[in-house]
Amino acid sequence: MKNKKLLNYSDYLQLNKLLESQSLMSDKNGQKAHDEMLFIIIHQTYELWFKQIIHELDLVGHLFSQKTIDESKVSNAVLKLNRIIEIQKILIDQIRVLETMTAMDFLEFRDYLFPSSGFQSSQFRIIENRLGLHQRDRLSYMNKNYKDAIKDDEKDLVNTSESVKSIFDLLERWLERTPFLSFEGFDFWEKYSESVTTLLKEEENLIRNRPNQSGEELEFNLKSHKNTVSSFQAFLSSEKHEELINKGEKRLSHKATKAALLIFLYRDEPILHSPFNLLSKLMDIDELFTNWRQRHATMVHRMIGGKIGTGGSSGHKYLRSAAQKHKIFSDLSDLSTFFIKRSALPKLPKNIKNSLGYYHQS
Ligand code: HEM
């Protein structure tokens, strides 16, 4: 023990490697551009945070791959997802630092970067895949697969992230296994359907009896009510839901959707707090990635105007479309359409309230 070398801050963090990893292309080309250092450090910082996000997703994936997923595992997953959320906020904020570089300053070294691009970030793709971005939902440009841009020695990791169960898949399986949907003497879906039918009837009566309404207005309001009725009918039917899944308009299975709805509607029940938090955090993560994509697209517009990207895409236009399309948990957000007010919720019988514990077993 006597001769054991004391751990040193620089050695522990391997700062020698880290701080020697910024080589400016402009410098190599004999035209050193001051702002290229910022450009490199910002990207490297992003990649480090991406690494941390993947580390958290690995744990959440592991927790949800277990045979039994008890309350403590759900709470632990919520904590880690919340960490990802806090990191994402920093990722969005960081763009402001990059924007201290002007478009003219960027031009000083942009030509040296071709054809490299953030499009080639394998960690970014791994995050998308691990969360559950469906390959069908990916935007392609020039009919190329996104993996064509990935370096050969990084392809295996990206392929693996496509083949393992994503957080979306694991969530779906967990929701499908929830024991809340049917108790003896209480079938949630049946009770929910009854409440919806009553509510829609009441709404129709209100429309018909609205004072000072012209015939045209009445017709318009009844038509929009009819649309609401149809969308509820489609929501209530597992066959219709299946059709939407086949058309690519929905993704989450009907059983999992019903369980998610129950969690949202009865989230005041203490036992549903963690499941509710879990669903909320996943929606937050999806939303913050969309925010990052939009923010990145706005910054790119400001930096390169209408020019194409160094990776060959249409630039900010491609990025805006990707922000619109690359969403994962939209099915959860869509559920708000089918929320009903607390006072109209089917009352849970006392024995169910008492036995509302949860313990998932495959
Ligand atoms: C001056 C700064 C930047 C400019 C002008 C820029 C430009 C672009 C453009 C035009 C694309 C579309 C692909 C292409 O044609 O190249 C792209 C994609 C991308 N960039 Fe940036 N970028 C900048 C900074 C960053 C930073 C700091 C990150 C952080 C990691 C980043 C990450 C990405 C990612 C992940 C993609 C792929 C997005 C997707 O396909 O959905 N970019 N960037």
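All values reported here derive from a predicted model rather than from experimental measurement. (Residues numbered from 1 in each chain as written. Predicted model: local features only at pLDDT ≥ 70, side-chain atom pairs only at ≥ 80, totals over all residues. Heavy atoms only, no water.)

The topology assignment puts R251 in the loop between helix 12 (238–247) and helix 13 (254–265). Ignoring sequence-local partners within four residues, the contact set of R251 consists of G132, H134, R136, F168, E172, I245, I328 and D331. (Helix = DSSP H or I, 4+ residues; strand = E, 2+ residues; numbered from the N terminus. Contact = heavy atoms within 4.5 Å.)

In this section: unusual backbone geometry. Looking along the chain, the bond that leaves F114 and enters P115 is cis, with omega of -10 degrees. With respect to the helices, strands and loops of the structure, P115 is situated in the loop between helix 6 (103–110) and helix 7 (122–131). Phi at Q14 is positive, roughly 50 degrees, even though this residue is not glycine. Mapping Q14 onto the fold places it in the loop between helix 1 (9–13) and helix 2 (15–19). Of note, N212 is a non-glycine position whose phi angle comes to about 50 degrees, a positive value. Inspection of the secondary structure assignment puts N212 in the loop between helix 10 (188–208) and helix 11 (215–236). Looking at N212, the relative accessible area reads 79%, which means it is exposed. (Buried < 20%, exposed > 50% of the residue type's maximum accessible area, 1.4 Å probe, protein only.)

Before going further, it helps to examine the packing of helix 13 against helix 14 (residues 273–304). Look at helix 13 against helix 14: their axes get within 9 Å of each other, and the N-to-C directions meet at 110 degrees. With respect to their mutual orientation, helix 13 and helix 14 come out roughly perpendicular. For the pair helix 13 and helix 14, contact is made by A260, I263 and F264 and by P275, F276, L279 and M283, respectively. Considered class by class, the residues forming the contact of helix 13 with helix 14 number seven nonpolar, no polar and no charged. (Axes fitted to C-alpha atoms, helices over the stretch in contact; angles between N-to-C directions. Parallel < 35°, antiparallel > 145°, perpendicular 65-115°, else oblique. Nonpolar A, V, L, I, M, F, W, Y, C, P; charged D, E, K, R; others polar.)

Mapped onto the elements, E242 comes out in helix 12. Since its relative accessible area comes to 41%, E242 is described here as partly exposed.

A turn of α-helix holds 3.6 residues, and therefore any two residues three or four places apart point the same way. Here helix 13 is twelve residues long and its end C-alpha atoms lie 16 Å apart, about the 16 Å a rise of 1.5 Å per residue gives. Taken across its twelve residues, helix 13 has eleven buried, putting it largely inside the fold. Of the positions making up helix 13, those classed as buried are H254, A256, T257, K258, A259, A260, L261, L262, I263, F264 and L265. Of the surrounding elements, those touching the buried residues of helix 13 are helix 9 (167–176), helix 10, helix 11, helix 12, helix 14 and helix 16 (330–334). (Expected span 1.5 Å × (residues − 1).)

With that settled, the discussion passes to the coordination of the iron atom of the ligand. In this structure the iron atom of the ligand is ligated by exactly one protein donor, H296 (NE2), at 2.2 Å. For H296, the position within the fold is in helix 14. (Donors = N, O, S within 2.8 Å, 3.2 Å for Na, K, Ca; no water.)

Two numbers describe how helix 10 lies on helix 13: the axes approach to 11 Å, and their chain directions differ by 70 degrees. Here helix 10 is positioned roughly perpendicular relative to helix 13, judged by the angle of their axes. Considering only the axes of helix 10 and helix 13, their crossing is left-handed. Contacts from F188, W189 and Y192 of helix 10 reach helix 13 at H254, K258, L261, L262 and L265. (Left-handed = near helix turned anticlockwise from the far one by under 90°.)

Let us now look at the environment of A234. Structurally, A234 is set in helix 11. The spacing of A234 and N29 is 205 residues in sequence and 62 Å in space, taken between C-alpha atoms. In this structure A234 touches K240 and H241, once residues within four positions along its chain are discounted.

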